[in-house]
Amino acid sequence: MDKKDIYKELKSKLDNKRYEHTLGVAHTAACLAMSEGIDTDKPFLAGLLHDCAKWMSDKEYIEYCKRYDIDVSDVEKANPPLLHAKVGADMAREIYGVTDEEILSSIRWHTTGHPDMNLMEEIIFVSDYIEPNRTHDPELPMIRREAFDDLHKATYHIYANTMKHLKSLAKTLDPMTEESYRYYERYR
Ligand code: FE
Ligand code: FE
């Protein structure tokens, strides 16, 4: 799919707020790529597509995974929207025609991250949290500055705040979030 069709398809699938968020992540990812001294095209496209599946109902996520043989963990079964990362990576390949494995894995891992992410994965993980439309964390101004100064430290900070937030809501924690938090603690 060319760029114009990608924008059109995303706009037709996502609600306005999600679409604006998507553009925010794409632009933030390009800025972080510049700051890290790498090409901006792939991070931009990964940002654009990272939430491309975030429009399905719980039932649709489960059905999609069944149809296309995508593993569903117990945590995901209890909270199907978590699947938008895995489903999104699949749709990026099958519908949007992305073949680049770095782009696909940064979509795949954007929600929980994982220990020792590669640069693209980390850029998308951080961009999703700090893009300009976000307001959910009072420490965002500090984390945004950190992201351009020390990406690993910003990643640690995001995990620390996410853990605190999820625990305060007594929400189920994806074990990968906790494992990644432990890993990134070395950069605190
Ligand atoms: Fe997402
Ligand atoms: Fe997102």
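Caption draft 1: Fine view of the overall build of the protein. Of the regular secondary structure elements, the protein holds 11 helices and 0 strands. Taken over the C-alpha trace, the protein has a radius of gyration of 16 Å; the compact-globule value for 188 residues is 16 Å, and the two agree within 12%. Taken across its 188 residues, the protein has 48% of its residues classed as buried. With the model as given, the accessible surface of the protein reaches about 9800 Å², and the carbon-plus-sulfur share is 50%. Charge centroids of the protein, computed over 26 positive and 35 negative side chains, lie 5 Å from each other.

Caption draft 2: Highlighting the coordination of the iron ion (ligand 2). Bound to the iron ion (ligand 2) are the protein donor atoms H21 (NE2), H50 (NE2), D51 (OD) and D128 (OD), situated 2.2 to 2.3 Å from the metal. Here the iron ion (ligand 2) is ringed by 4 donor atoms whose angles at the metal span 80 to 171°, and the overall shape comes out irregular. Coordination of the iron ion (ligand 2) draws on donor residues from a single chain, spaced H-x28-H-D-x76-D in sequence. A separation of 3.3 Å is found between the iron ion (ligand 2) and the iron ion (ligand 1), which are bridged by D51. With a gap of 29 residues between them, H21 in helix 2 (residues 16–36) and H50 in the loop between helix 3 (41–49) and helix 4 (58–67) connect regions that are remote in the sequence. Like H50, H21 is buried.

Caption draft 3: Broad picture of the environment of Y64. Note that Y64 resides in helix 4. For Y64, a relative accessible area of 9% translates into the label buried. Sequence spacing of Y64 and L83 is 19 residues, and the spatial spacing of their C-alpha atoms is 9.8 Å. Discounting chain neighbours no more than four positions away, the residues touching Y64 are M56, I70, V87, D90 and M91. In terms of polar contacts, Y64 uses its side chain to reach the side chain of D90, at 2.6 Å.

Caption draft 4: A look at the coordination of the iron ion (ligand 1). The protein atoms that coordinate the iron ion (ligand 1) are D51 (OD), H84 (NE2) and H110 (NE2), at distances of 2.1 Å. Linear spacing of the donor residues for the iron ion (ligand 1) on their chain is D-x32-H-x25-H. The exposure class assigned to H84 is buried, which follows from its relative accessible area of 4%.

Caption draft 5: Expanded view of the environment of S12. Position of S12 among the secondary structure elements: in helix 1 (residues 3–13). Among the residues examined, S12 registers a relative accessible area of 56% and is labelled exposed.

Caption draft 6: Main features of the nonpolar core. Ranked by size, the top nonpolar core spans 55 residues in total, and within it L10, L48, L49, V87, V98, V126 and I130 carry the most contacts. Every residue in contact with L49, bar those within four places of it in the chain, is listed here: I6, L10, A92, Y96, V98 and I107.

Caption draft 7: Region of interest: the packing of aromatic side chains. On inspection of all chains with the given rule, the structure shows 7 aromatic pairs. Between Y159 and Y184 the ring centres are 5.8 Å apart and the planes differ by 20°, which places this aromatic pair in the stacked class. In this pair, Y159 sits in helix 10 (residues 151–168) while Y184 sits in helix 11 (residues 175–184), placing the two residues 25 residues apart along the sequence. In terms of burial, Y159 and Y184 fall into one category: buried. Grouped by ring-pair contacts, the aromatic residues F125, Y159, Y183, Y184 and Y187 constitute a single cluster. The ring of W55 carries K13 above its face, with NZ or CZ at 4.4 Å from the centroid. Between R186 and the ring centre of Y183, over which it is positioned, the NZ or CZ distance is 3.9 Å.

Parameters and conventions
Residues numbered from 1 in each chain as written. Chains lettered and ligands numbered in written order. Predicted model: local features only at pLDDT ≥ 70, side-chain atom pairs only at ≥ 80, totals over all residues. Heavy atoms only, no water. Helix = DSSP H or I, 4+ residues; strand = E, 2+ residues; numbered from the N terminus. Rg over C-alpha atoms; globule rule 2.2 N^0.38 Å. Buried < 20%, exposed > 50% of the residue type's maximum accessible area, 1.4 Å probe, protein only. Areas by Shrake-Rupley, 256 points an atom, 1.4 Å probe, with all protein chains shown as cover. Lys, Arg positive; Asp, Glu negative; His and termini not counted. Charge placed at Lys NZ, Arg CZ, Asp CG, Glu CD. Donors = N, O, S within 2.8 Å, 3.2 Å for Na, K, Ca; no water. Tetrahedral: all angles 85-135°; square planar, octahedral: opposite > 155°, others 65-115°. Contact = heavy atoms within 4.5 Å. Polar contact = N/O pair within 3.5 Å; in protein donor to acceptor, adjacent residues only side chain to side chain. Core = buried A, V, L, I, M, F, W, Y, C linked by side-chain atoms within 4.5 Å. Phe/Tyr/Trp six-rings, centres within 6.5 Å; stacked < 30°, edge-to-face > 60°. Lys NZ or Arg CZ within 6 Å of the ring centre and 35° of its normal.

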